[in-house]
Amino acid sequence: MLNKKKYLKENTMPHIGDMLNTFIKKNRWPKSVIARKTKRTPSTIEGFLKRPSLQVAILWEISHATHYNFLADIA
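As the structure is a computational prediction, the values presented were derived from the model and not from experiment.

Caption draft 1: Broad picture of the side chain of Thr66. With respect to the secondary-structure elements, Thr66 resides in helix H5 (residues 56–66). Among the residues examined, Thr66 registers a relative accessible area of 5% and is labelled buried. Among the polar contacts listed, one links the side chain of Thr66 to the backbone oxygen of Ile62, at a separation of 2.9 Å. Sequence-distant contacts of Thr66, defined by excluding residues within four places in its chain, comprise Phe23, Trp29 and Ile34.

Caption draft 2: Structural detail: unusual backbone geometry. The backbone of Arg28 sits at a positive phi, close to 55 degrees, despite the residue not being glycine. Along the polypeptide, Arg28 turns up in the loop between helix H2 (16–27) and helix H3 (31–38). A positive phi angle, near 60 degrees, is found at His67, a position not held by glycine. With respect to the helices, strands and loops of the structure, His67 is situated in the loop between H5 and helix H6 (70–74).

Caption draft 3: The arrangement of the nonpolar core in detail. With 16 residues, the main nonpolar core has Leu20, Leu54, Ile62 and Phe70 as its most contacted residues. Residue contributions to this core peak at five residues, all from H2. Not counting residues within four places of it along the chain, the set of residues in contact with Leu20 comprises Leu49, Leu54, Leu59, Ile62 and Phe70.

Caption draft 4: Representation of the packing of aromatic side chains within the structure. All told, the structure shown has three aromatic pairs when counted by the stated rule. Seen from their ring centres, Phe23 and Phe70 are 5.0 Å apart, and the 85 degrees between their planes marks the pair as edge-to-face. Here Phe23 is found in helix H2, whereas its partner Phe70 is found in helix H6, with 47 residues between them in sequence. Across this residue pair, the class does not change: Phe23 and Phe70 are buried. Ring plane angle 70 degrees and centroid distance 5.0 Å describe the contact between Tyr68 and Phe70, whose orientation is recorded as edge-to-face. Classification of Tyr68 by relative accessible area gives partly exposed; the value is 30%. For Phe70, a relative accessible area of 1% translates into the label buried. The rings of Phe23, Tyr68 and Phe70 are connected pair by pair, giving a single aromatic cluster.

Procedures and definitions
Residues numbered from 1 in each chain as written. Predicted model: local features only at pLDDT ≥ 70, side-chain atom pairs only at ≥ 80, totals over all residues. Heavy atoms only, no water. Helix = DSSP H or I, 4+ residues; strand = E, 2+ residues; numbered from the N terminus. Buried < 20%, exposed > 50% of the residue type's maximum accessible area, 1.4 Å probe, protein only. Polar contact = N/O pair within 3.5 Å; in protein donor to acceptor, adjacent residues only side chain to side chain. Contact = heavy atoms within 4.5 Å. Core = buried A, V, L, I, M, F, W, Y, C linked by side-chain atoms within 4.5 Å. Phe/Tyr/Trp six-rings, centres within 6.5 Å; stacked < 30°, edge-to-face > 60°.

Any functional reading would require information that these geometric values do not contain.
Laid out in structure tokens, this is it:
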């Protein structure tokens, strides 16, 4: 039987919100611009930055809005 704690510790997924937040700060993207390009409110974008995971469709929209491939970063 697999040790679940060991398995989860080795394969922890990245915090997507932190990854997005780092990208936004590093590249100086205003959250309002991303919100406008994805047709969402700035508070929704702010909420995404706090989430440990996001749906691929949302991440895809943000990738298109910022011209950056977040899916490749995850892989």
